[in-house]
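Report on the structure
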Protein chains: 2
Amino acid sequence: MAGSTKDIDALIELMARLPGLGPRSARRAVLHLIRKRALLLTPLADLMGQVAATARECLNCGNVGTSDICDICTDERRATGELCVVEDVADLWAMERSGVFKGRYHVLGGTLSALDGVGPEELRIPRLADRVTAESISEVILALNATIDGQTTAHYIADQLGGRVRLTSLAQGVPIGGELDYLDDGTISAAMRARKDL
Amino acid sequence: MAGSTKDIDALIELMARLPGLGPRSARRAVLHLIRKRALLLTPLADLMGQVAATARECLNCGNVGTSDICDICTDERRATGELCVVEDVADLWAMERSGVFKGRYHVLGGTLSALDGVGPEELRIPRLADRVTAESISEVILALNATIDGQTTAHYIADQLGGRVRLTSLAQGVPIGGELDYLDDGTISAAMRARKDL
Ligand SMILES: [Zn+2]
Ligand SMILES: [Zn+2]
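Residues numbered from 1 in each chain as written. Chains lettered and ligands numbered in written order. Predicted model: local features only at pLDDT ≥ 70, side-chain atom pairs only at ≥ 80, totals over all residues. Heavy atoms only, no water.

Selection criterion: UniProt positions are given in the numbering used here, feature names are shortened, and annotations may be inferred rather than shown by experiment.
The name given to chain A in an unreviewed UniProt entry is Recombination protein RecR, with Ruegeria alba as the source organism. Database annotation for chain A, UniProt heading Function (unreviewed entry): "May play a role in DNA repair. It seems to be involved in an RecBC-independent recombinational process of DNA repair. It may act with RecF and RecO." Quoted verbatim from the Sequence similarities (unreviewed entry) heading of the UniProt record, the comment on chain A is "Belongs to the RecR family."

Here it is as structure tokens:
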């Protein structure tokens, strides 16, 4: 782009690839970063380098952390026999913010989708059955989004695990077509407390 | 935040301070960055470090670049005798994208504002008069936003420079209350071509 320099242009171009930022907001963000060099740009560069070097998916549950097995999976107090299945890490974080769930998670990494060619092997579904046995799980809570793909995925998992474990899903409070990460913490708490058997 | 780690939390917190990103979009952006580690997170960390180390304001015009005097100010082909005054660097970039202006710029760094206590000394206004003489400027184009503060600033500058130089402002095409950086390139071109004497 005329008027700036190669590095600044490249930075704008990369920032524009972030979800929620387009070219215009990326330009604004980069100017803001340059103005707040010591407070924002330098710390952000350092932290991004740090996270790039250390962040990884938990081999057990798919949560994002800085070790092979995440803090939730290594915390013995969370071995409650309850396993909460979510679509992605943002949903796990939303659930944790609500503070209502004390067990462990299983992050699928998406939903089944015939249209997008996503089958059970593309998700973390085979591992779910293994965990039910290995971790003596008594209840699997399917906290999937109330979308068609989310519900298709819930039914598929219910078929796979049927009879081996108590299966529940989030109940009232999750609006039709709603996504967990958009809901306030109170709504999530209410839905979790009122969960029903499938 | 429960469920993630210290570095990731800190990264989310810093990202949420960028204009256009709130806490929720910052969380989404950070998960996206972690998923696209090689393509996005590592290059972004490197570029931010690079820009933090090299970016600076041009001592002459206030543009952002990587040298004390920016590429536009050092380019002799841009010594056309025309000087375009803008509020901030985003406006300079918008003007450059339109490709209509071949002279040099003067970035004020804001507008006069009695309410916010911004006087001429807080902006790059005193230096503007010096440049008119030093760079044999024949025309100063006041490309300020069509806001009350923008127009107040234009009148103040016109008073300061009155009689020494031809003063023009962007004319038709700039909507009332509109900001340059929101306009499409064609609108800016049209307004520049139809500029009128003050
Ligand atoms: Zn884990
Ligand atoms: Zn310059």
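As for the coordination of the zinc ion (ligand 2)
Residue and element names in this part refer to chain B. Cut-off, in case you're wondering: The rule for donors is simple: an N, O or S atom within 2.8 Å of the metal counts, and for Na, K and Ca the reach is 3.2 Å. Water is not among the atoms, so a site may look short of donors. For four-coordinate sites, all angles between 85 and 135 degrees define a tetrahedron; for four- and six-coordinate sites, opposite donors beyond 155 degrees with the remaining angles between 65 and 115 define square planar and octahedral shapes respectively, and all other cases count as irregular. A run of H or I in DSSP counts as a helix once it spans at least four residues, and a run of E counts as a strand once it spans at least two, with each numbered from the N terminus. Relative accessible area decides the class of each residue, using a 1.4 Å probe on protein chains only: under 20% of the type maximum gives buried, over 50% gives exposed, and in between gives partly exposed.
Within the protein, the atoms that donate to the zinc ion (ligand 2) are Cys58 (SG), Cys61 (SG), Cys70 (SG) and Cys73 (SG), at distances of 2.3 Å. Viewed at the metal, the 4 donor atoms of the zinc ion (ligand 2) are separated by angles of 104 to 115°, and the geometry they form is tetrahedral. Here the donor residues for the zinc ion (ligand 2) map to a single chain with the spacing C-x2-C-x8-C-x2-C. With Cys58 in the loop between β1 (56-57) and β2 (64-65) and Cys70 in the loop between β2 and α4 (71-74), the pair connects residues that are 12 residues apart, well separated along the chain. Here Cys58 matches Cys70 in class, with each residue buried.

Comments concerning helix α5 (residues 89-98) of chain A
Residues and elements named next belong to chain A. Rule in force here: Under the rule applied, a polar contact is a pair of N or O atoms within 3.5 Å (in protein, one hydrogen donor and one hydrogen acceptor; residues adjacent in sequence only if both atoms are side-chain atoms).
Of all 10 residues in α5, 9 are buried, a share of seventy percent or more. Taken together, the buried positions of α5 are occupied by Val89, Ala90, Asp91, Leu92, Trp93, Ala94, Met95, Glu96 and Ser98. Taking the backbone nitrogen of Ala90 as reference, a side-chain oxygen 3.1 Å away marks Asp88 as the first, capping residue of α5.

Some thoughts on the coordination of the zinc ion (ligand 1)
All names here are of chain A. Within the protein, the atoms that donate to the zinc ion (ligand 1) are Cys58 (SG), Cys61 (SG), Cys70 (SG) and Cys73 (SG), at distances of 2.3 to 2.4 Å. Bound by 4 donor atoms, the zinc ion (ligand 1) shows angles of 104 to 115° at the metal and therefore tetrahedral coordination geometry. Judged by its relative accessible area of 2%, Cys58 falls in the buried class.

A short note on the interface of chain B and chain A
Much of the literature gives interface size as the accessible area that the parts lose upon coming together. Under the convention used in this document: Contacts between residues were defined by any pair of non-hydrogen atoms, one from each residue, lying within 4.5 Å. Summed over both partners, the accessible area (1.4 Å probe) lost when two parts come together is defined as the buried area. We define a salt bridge as a contact between a side-chain nitrogen of Lys or Arg and a carboxyl oxygen of Asp or Glu at a distance within 4 Å. Amino acid classes used here: Ala, Val, Leu, Ile, Met, Phe, Trp, Tyr, Cys and Pro are nonpolar; Asp, Glu, Lys and Arg are charged; the rest, including Gly, are polar.
Contacts between the two partners involve 58 residues from chain B, matched on the other side by 58 residues from chain A. Overall, the association of chain B and chain A removes approximately 5,400 Å² of surface from exposure, summing both partners, and the carbon and sulfur fraction of that is 69%. Note that Asp88(B) is salt-bridged to Arg28(A), the shortest N-O span being 4.0 Å. The interface formed by chain B and chain A contains 4 residue pairs in polar contact (both at pLDDT 80 or more). Elements with a contribution of two residues or more to the side of chain B that touches chain A: α1 (6-15), α2 (23-35), α3 (37-54), β2, α4 and α5 (89-98) of chain B. When residues in the side of chain B that touches chain A are grouped by element, the largest group, 16 residues, is from α3(B). Residue composition of the side of chain B that touches chain A, grouped by class: 34 nonpolar, 11 polar and 13 charged.

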